[in-house]
Every structure is written in C-alpha cells, then in structure tokens.
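Secondary and tertiary structure notes
So you can see what is in the structure, the chains are spelled out below.
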Amino acid sequence: MKTSIARKVLMALSGLFLLLFLLQHFLINFLSVISPDSFNEVSHFMGTNPLIQFLMQPILIFGVVFHLGMGIYLERLNKKARNVKYAMNKPGTNSSWMSRNMIYTGLMVMAFLGLHFYDFWIPEITVKYVEGDMSGLLASGEFRYFHELQEKFHDPIRTGLYVVSFVFLMLHLLHGFQSAFQSVGFSHRKYTPIIKKLGNLYAIVIPLGFVFIAIFHYVSHL
Amino acid sequence: MSGKGMNLTLKIWRQKNAQSKGKMETYNVSGISEHMSFLEMLDVLNEQLINEGTEPVAFDHDCREGICGMCSLYINGEAHGPDRGVTTCQLHMRMFNDGDTIYIEPFRAKAFPVVKDLVVDRSAFDRIQHAGGFVSINTSGNTQDANAIPIPKADADKAFDAATCIGCGACVASCKNASAMLYVSAKVSQFALLPQGKIEAKERVLNMVEQMDEEGFGNCTNTGACEVECPKGISLENIARMNREYLSASITKES
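This paragraph deals with the overall build of chain A. Scanning chain A for helices and strands turns up eight helices and zero strands. What you see in chain A, going N to C, is helices and strands ordered as α-α-α-α-α-α-α-α. Split into buried and exposed, the 222 residues of chain A put 42% on the buried side. Here the contacts in chain A between residues at least 6 apart in sequence split such that 78% fall between residues at least 24 apart. Only carbon and sulfur atoms are counted for the fraction: they give 72% of the accessible area of chain A, which is about 11,900 Å².

The next subject is empty space enclosed by the protein. Residues and elements named next belong to chain B. Evaluated as defined, the whole model comprises four cavities of 30 Å³ or more. Approximately 110 Å³ is the volume found for the largest cavity. For the largest cavity, the lining is made up of 14 residues, of which Cys175, Ser179, Cys220, Thr223 and Cys226 are closest to its centre. In the lining of the largest cavity, the residues fall into eight nonpolar, six polar and no charged. Roughly 90 Å³ of volume is contained in the second largest cavity. Along the walls of the second largest cavity sit 14 residues, with Cys165, Cys168, Cys171, Cys230 and Ile234 positioned nearest its centre. The element contributing the most residues to the lining of the second largest cavity is helix α5 (residues 181-192), with three residues.

Turning next to the layout of surface pockets. In this model, the second largest pocket occupies a volume close to 460 Å³. The wall of the second largest pocket is formed by 23 residues, among which Lys79, Arg82, Lys85 and Asn89 of chain A together with Lys176 of chain B lie closest to the centre. The set of elements that each furnish at least two residues to the lining of the second largest pocket consists of α3 (50-80) and α5 (102-130) of chain A together with α4 (170-174) of chain B. The element that contributes the greatest number of residues to the lining of the second largest pocket is α3 of chain A, accounting for three residues. Its residues assigned to classes, the lining of the second largest pocket shows eight nonpolar, nine polar and six charged.

Residues and elements named next belong to chain B. Even without glycine at this site, Asn76 takes up a positive phi of about 50°. In this structure, Asn76 sits in the loop between β3 (74-75) and β4 (78-79). Even without being a glycine, His80 presents a positive backbone phi close to 60°. Residue position: His80 is located in the loop between β4 and β5 (101-105).

A separate point is the interface of chain B and chain A. Facing the 46 residues of chain B at the interface are 37 residues of chain A. Taken together, the two surfaces of chain B and chain A that pack against each other cover about 3,300 Å², and 50% of this comes from carbon and sulfur. Interface area lost by chain B to chain A is led by Arg108, Asn219 and Asn222 of chain B, which between them contribute 19%. The tally of links between chain B and chain A comes to two salt bridges. Note that Glu237 of chain B and Arg189 of chain A form a salt bridge whose closest N and O atoms lie 3.0 Å from each other. Counting the contacts that link chain B with chain A gives 27 residue pairs in polar contact (both at pLDDT 80 or more). Elements that contribute at least two residues to the side of chain B that touches chain A include exactly β5, α4, α7 (201-214), α8 (225-229) and α9 (237-252) of chain B. The element that contributes the greatest number of residues to the side of chain B that touches chain A is α9 of chain B, accounting for eight residues.

Soluble globular proteins tend to pack their nonpolar side chains together in the buried interior. Residue and element names in this part refer to chain B. Judged by nonpolar contacts, the single largest core of 46 residues is most densely connected at Phe125, Val172, Val184 and Phe217. Considering every element that reaches this core, the biggest residue donor is α5, with seven residues. Here this core spans two domains, since at least three of its residues come from each of domain 1 (6-115) and domain 2 (123-252).

With that settled, consider the sheet that holds β3 of chain B. All names here are of chain B. Read from one edge of the open sheet, five strands run β2-β1-β5-β3-β4, paired in mixed fashion. Each end of this open sheet is capped by a strand with a single partner; those strands are β2 (23-32) and β4. Across eight bridges, the pairing between strand β1 (residues 6-14) and β2 is antiparallel. Considered in β2, the bridge of Thr9 is made with Asn28. Its contacts with the sheet put helix α1 (residues 38-51) on β1, β2, β3 and β5, and the angle it makes with β2 is roughly 100°.

All names here are of chain A. Direction vectors running N to C along helix α1 (residues 4-34) and α3 enclose 140°, while the axes themselves pass 9 Å from each other. Here α1 lies oblique to α3, going by the angle between them. The chirality of how α1 crosses α3 is left-handed. Packed against α1, whose contacting residues are Arg7, Lys8, Leu10, Met11, Ser14, Gly15, Phe17, Leu18 and Phe21, the element α3 presents Ile59, Leu60, Gly63, Val64, Phe66, His67, Met70, Gly71, Tyr73, Leu74 and Leu77 at the interface. Counted by class, the contact of α1 with α3 contains 13 nonpolar, five polar and two charged residues.

This paragraph deals with the domain arrangement of chain B. Residues and elements named next belong to chain B. What the domain assignment lists for chain B is domain 1 (6-115) and domain 2 (123-252). In this structure, domain 1 and domain 2 have C-alpha centres spaced 29 Å apart. Between domain 1 and domain 2, the residue contacts involve 19 residues of the former and 19 residues of the latter. Between domain 1 and domain 2, a total of about 1,400 Å² is buried, with carbon and sulfur atoms accounting for 58% of that surface. In this assembly, domain 1 and domain 2 are joined by one salt bridge. With its nearest N and O atoms 3.2 Å apart, the salt bridge here joins Glu229 to Arg84. Taken together, domain 1 and domain 2 are joined by two residue pairs in polar contact (both at pLDDT 80 or more). By residue class, the composition of the side of domain 1 that touches domain 2 is ten nonpolar, six polar and three charged.

Definitions and limits used
- Residues numbered from 1 in each chain as written.
- Chains lettered and ligands numbered in written order.
- Predicted model: local features only at pLDDT ≥ 70, side-chain atom pairs only at ≥ 80, totals over all residues.
- Heavy atoms only, no water.
- Helix = DSSP H or I, 4+ residues; strand = E, 2+ residues; numbered from the N terminus.
- Buried < 20%, exposed > 50% of the residue type's maximum accessible area, 1.4 Å probe, protein only.
- Contact = heavy atoms within 4.5 Å.
- Areas by Shrake-Rupley, 256 points an atom, 1.4 Å probe, with all protein chains shown as cover.
- 1 Å grid on protein atoms, 1.4 Å probe; cavity = no way out; pocket = protein on both sides within 12 Å on 5 of 7 lines; lining within 4 Å.
- Points joined across faces, edges and corners; volume = space filled by probe spheres on them.
- Nonpolar A, V, L, I, M, F, W, Y, C, P; charged D, E, K, R; others polar.
- Buried area = accessible area lost by both parts, 1.4 Å probe.
- Salt bridge = Lys/Arg side-chain N within 4 Å of Asp/Glu carboxyl O.
- Polar contact = N/O pair within 3.5 Å; in protein donor to acceptor, adjacent residues only side chain to side chain.
- Core = buried A, V, L, I, M, F, W, Y, C linked by side-chain atoms within 4.5 Å.
- Domains from an automatic or database assignment.
- Pairing = 2+ DSSP bridges.
- Axes fitted to C-alpha atoms, helices over the stretch in contact; angles between N-to-C directions.
- Parallel < 35°, antiparallel > 145°, perpendicular 65-115°, else oblique.
- Left-handed = near helix turned anticlockwise from the far one by under 90°.

Below, the structure is given as structure tokens:
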C-alpha cells in the first residue's frame, strides 16, 4: 500500500474482481429476458443463500468501496505530481480519452450505483432484514423479483439514466480491462493483443447487454 | 530552400529563477529556414534578443544529435514537439508552417522544478539511478570477460532496447500524472534481463521504485502517452516487467 506500484496492483485486482462480478450480474439479468421463472429462482437463491449474502456481498461492497477510495486517492496524488499546468497541451495526440478520464467515468458509474442501490438494494434489504420477509413472494404467491424489476423500468427517465450510466461504464471498461493486466505485470507479445481485443469486446458487449435489458423491460410494458 | 523562410510567433515560458513566478511571453522571429532544427531556431531568437539588449531564453541542450537527452521542451502541447521518435534538437522547422504560433514550455512536473525559463532540474532521475540503476562489480583487475556469459539473443535485444533510454524526461512531461514509470522501468529492465543484473535485481527494483515515489512523481494510469512521445521508443512492456519484478521482489525479499 505504501508504493505507487502496490497501489496500482491493488487497483487492478479490485477492478478485475468487479469485472467478474459484473459478468455474473449480467448473466443473471439476461435471464429476465429469456425466462422470468429462471430469473426469479436464481434471484431468490442469490438473495437468500447465506454464503452469498454474508460472505460474497460484504466482499463485493468492500471491493467497490476500495476501488472508489483508491481511485480518488490516486487521482489526488497524480494531480499533485504536476503543480503547474501546461498553457498548451495536446494529450489527444498520444493517448485515448478513456485512459485519461477514468476518474470521471468511474465517478459517474458510482453515482449510478447510488441510484441502483436506492432502486433495488435498499428495498431488498428492507424487505428481508427489516420486515423479516425471506419468502421472496408477493401476496399473490408469485415470486416478487421479476415483477419488481419490470416495475422499475416503467419510468422512461429511470430507464434513460440507466442507459446513460452504461455508456460511462463502457468508456471506463474500454481502458480498465486491458489496463488491469498491464498493472499486474502481464505483458506478452502474443497474448496482450488478445487481451486488448477481449477487453474491448467485454467493454462493449456487457454494457450494451445491460442497456438492452433495460430497454427490453421498458418497451415490454408499453 | 524556399525564399525568405518562415515568420513565426513564439509563446515562451519566461521565469527568472526557481523562486519567481514566471509567465508566457510572446516573441516574433522571421526568416527561419525549414532546414533548421528547433534549437537553431531558438538560437536565432536568442541572437535577436541579445542584440535588442534583452535576456536570452535559457534552454537545455548539449550534443544536438539526439543522444545526450539534455534537450527537453514542451512544444505546441507535446514533449519534443509534433514529430515522433525525435528529441527537440532533431525536430526540424519543416514540421511547422509560415505564420504558425508555437507554444514553448518547460517539462512540467513537481519532481522537475523549473530552474530558469525552459530549463528544469531533472536530477530526480539521477537520484533514482543512484538508488539501484547499476551493477556492482569487482574492480580488482581480474574482471571476467562479459562475452564469457552466454545471453539469449532475444534478452540481449530487449535489454539493449531498454538501455537506449536517454533519460530526457519526455515520459514524465507527457504523462497526465507526471509519472516516471517508463524511465524507471527502462532502467530496471536493462539490468533485469541480463545475468549480470539478476544478482541485485530485487534490491534494485525495490529501491528505485521507492526513490521514484519519494521524488514526487505520479502513478501510472497506463495511458501509453509516454511510449508515444518517447524519442527512443521505449516500450510499455518495460513497465509491465518492472511491475512483475517489483511484485515478486516484494513478496520474496528476505528481512
């Protein structure tokens, strides 16, 4: 934690962990498009399994908070490393916009997480641990998860906010995915170009997939 | 050579000394040949300033053939100007057009304080080098012939490529975080790849990185700007290698 490289490695590892989490989140959400019943069942499992609730969930929250906190800390250090700015600077000639604006795209994703927690996580915690209803059922006897998901995307403004947020996530991942491998010291003439391509694929497909799911549920209630 | 040459407007950072504030000032030069190097163009300006009785612009230069790493300058928003794979002394005026306005600033980093005008103090690089950028040898008179140790061609080539770093600081100047990772990684790699350097490899990388941080350079965000602007084309692979070396050294070091 004391040196620049250690901090960057931890930033990369927490980022890679969040990439894995995002993949499973996407796969489960995608079930809501192809099979509401399976989505309900998996959601109920994820929401009630003690290992996931009391081990994986705290690790995930720690990972998110750590990645955010370290990102802000590094940004402050980096700003201090150049105390006088250039009168004329053309960073666009030597680096991508995404790579230079990770803090801003990252903060936008975090702002989105605030909304996302307000939408899903806080109600979920309230139902399960405040009201003590672990059944996952509606009064009608059906599972509540798919119903709750659909209800949220009835609002065009919320759907729009989700879509915009995923664009920021895409920009963040377009640099973040391959950058994480470089930070942990992985660089190979043959495999690094493959990782870069895989990173671009992930960064585009997963956020667009989330956008598709949000729009799918918005459109399906119209 | 075409006719009268170019007329240029120069916006140059002027700063009396390390303590004074400094500001951009505007100068005009005329009759600049497209065959001149950028530094020769500055020489013309300085002749003009001296004749006018004003203080010439201080800038670093030495060999003027792209080897010493002494010349610097942030020209029109890029380290060593708009050309690629060149130092400022190798930058030709043909890269500019008649009537252009050219911004000339010192390399900016907290670890590279301005000494005067465009001259910055890059001794932070020397201190990083002193922290471990060497191989300790016995100079008793019976030193072994270097060629007696077989080295794979690929390793020798990579070590040589890393060793072409001239320590100019363009990487730091170009990095949005003023990070010195490309420089330090080149200096770590040129030894880490060779058997002679492996003996002190762990201490070297740990000490050099520690010194790098102490000097106040920023952290690497992997934007790759350094590699693009490096006059010697030092590869980002070196940064990954240093990260690996650093990780394994910090995990396995004794005491």
